[in-house]
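# Inside the fold
What follows is each chain in one-letter form.
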Amino acid sequence: MVEFGRRLAENRAPEYPPDAYMDYDRLKEIIEVMKGKKLARIDSTTREVSLSAPPPTNAVGRQLTSDGSEEDFYSCIDAQLVTVEAFTLQKVTELRANIASLEKEVANLGSIDHDDDDDDDDDEEEVVERVREKADDAAKDFLILEKYVNINFMGECLSV
């Protein structure tokens, strides 16, 4: 797990904010706390009973704690996956808009009037070069997003 934490830090895209990534260190902290506990056991030595307000329980009826329980871990990872998903959706939406704009520009290239005028040839070359640069930028953005998704997915898999 230590190796992955280092790999995550080394592979973060400088274009993306740190809080867009999974908080792998937080998940690791919860796992370390859980390692030292006997999980999913109810403390039978306590005799505190309340008929009016039972202690809170999780979905399987086990008493909740706030000090590194399975419930804390799953709540933490769920919240982080929601953050990663929202950021990914935002970037995919931006990328799709850029690609749609690029497709329009490519379609407009076909409608450029080809005269014998040398100035128009220079303008056409500039437009083609600009479109090519935009296409390269879109491809780069896609690869950065793909790497972001992969590193977060790997972190989630290693955490669980």
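Residues numbered from 1 in each chain as written. Predicted model: local features only at pLDDT ≥ 70, side-chain atom pairs only at ≥ 80, totals over all residues. Heavy atoms only, no water.

## Description of the overall build of the chain
Looking only at helices and strands, one finds 4 helices and 0 strands in the chain. When the helices and strands of the chain are placed in sequence order, the string is α-α-α-α. Expressed as a percentage of the 160 residues in the chain, the buried residues total 23%. The contacts of the chain with a sequence gap of at least 6 include a subset with a gap of at least 24, amounting to 76%. Surface accessibility of the chain: about 11,600 Å² in total, with carbon and sulfur atoms responsible for 52%. (Helix = DSSP H or I, 4+ residues; strand = E, 2+ residues; numbered from the N terminus. Buried < 20%, exposed > 50% of the residue type's maximum accessible area, 1.4 Å probe, protein only. Contact = heavy atoms within 4.5 Å. Areas by Shrake-Rupley, 256 points an atom, 1.4 Å probe, with all protein chains shown as cover.)

## Topic: a negative patch on the surface
On the surface, Glu15, Glu133, Asp136, Asp137 and Asp141 cluster together into a patch of negative charge. On the basis of relative accessibility, which here comes to 44%, the residue Glu133 falls in the partly exposed class. (Patch = residues over 30% accessible without salt bridge, like charges linked within 9 Å, V, L, I, M, F, W, Y side chains within 5 Å. Salt bridge = Lys/Arg side-chain N within 4 Å of Asp/Glu carboxyl O. Lys, Arg positive; Asp, Glu negative; His and termini not counted. Charge placed at Lys NZ, Arg CZ, Asp CG, Glu CD.)

## Details of helix H3 (residues 70-109)
The end-to-end C-alpha separation of H3 is 58 Å, in line with the 58 Å expected for 40 residues at 1.5 Å each. Within H3 the residues assigned to the buried category are Phe73, Cys76, Ile77, Gln80, Val84, Phe87, Thr88, Lys91, Leu95, Leu102, Glu105 and Leu109. (Expected span 1.5 Å × (residues − 1).)

## Examining the packing of aromatic side chains
Scanning the model with the defined rule gives 5 aromatic pairs in all. On the numbers, 4.9 Å between centres and 75° between planes, the contact of Tyr21 with Tyr148 is edge-to-face. Placement of the pair is Tyr21 in the loop between helix H1 (2-10) and helix H2 (24-35) and Tyr148 in helix H4 (residues 118-159), with a sequence separation of 127 residues. Judged by relative accessible area, Tyr21 falls into the buried class, the value being 5%. A relative accessible area of 1% places Tyr148 in the buried class. Ring centres of Phe73 and Tyr74 lie 5.3 Å apart, and the angle between their planes is 75°; this geometry places the pair in the edge-to-face category. (Phe/Tyr/Trp six-rings, centres within 6.5 Å; stacked < 30°, edge-to-face > 60°.)

## As for the nonpolar core
Leu8, Tyr16, Tyr21, Leu27, Phe73 and Tyr148 are the most contacted members of the largest nonpolar core, which totals 21 residues. Secondary structure elements with two or more residues in this core: H1, H2, H3 and H4. (Core = buried A, V, L, I, M, F, W, Y, C linked by side-chain atoms within 4.5 Å.)

## A look at H2
Note on helix geometry: an α-helix contains 3.6 residues per turn, so any two residues three or four positions apart are oriented the same way. Between its first and last C-alpha atoms H2 spans 16 Å; for 12 residues at 1.5 Å apiece the expected length is 16 Å, and the two agree. The set of residues buried in H2 consists of Tyr24, Leu27, Ile30, Ile31 and Met34. Along the axis of H2, the buried positions cluster into a sector of 125°, meaning they face one direction only. (Arc of directions from axis to C-beta.)

## A look at the environment of Ala20
By the secondary structure assignment, Ala20 is in the loop between H1 and H2. The buried category is assigned to Ala20, whose relative accessible area is 3%. With 65 residues separating them along the chain, Ala20 and Glu85 place their C-alpha atoms 9.3 Å apart. Setting aside anything within four residues of it in sequence, one finds Ala20 in contact with Val84, Phe87 and Tyr148.

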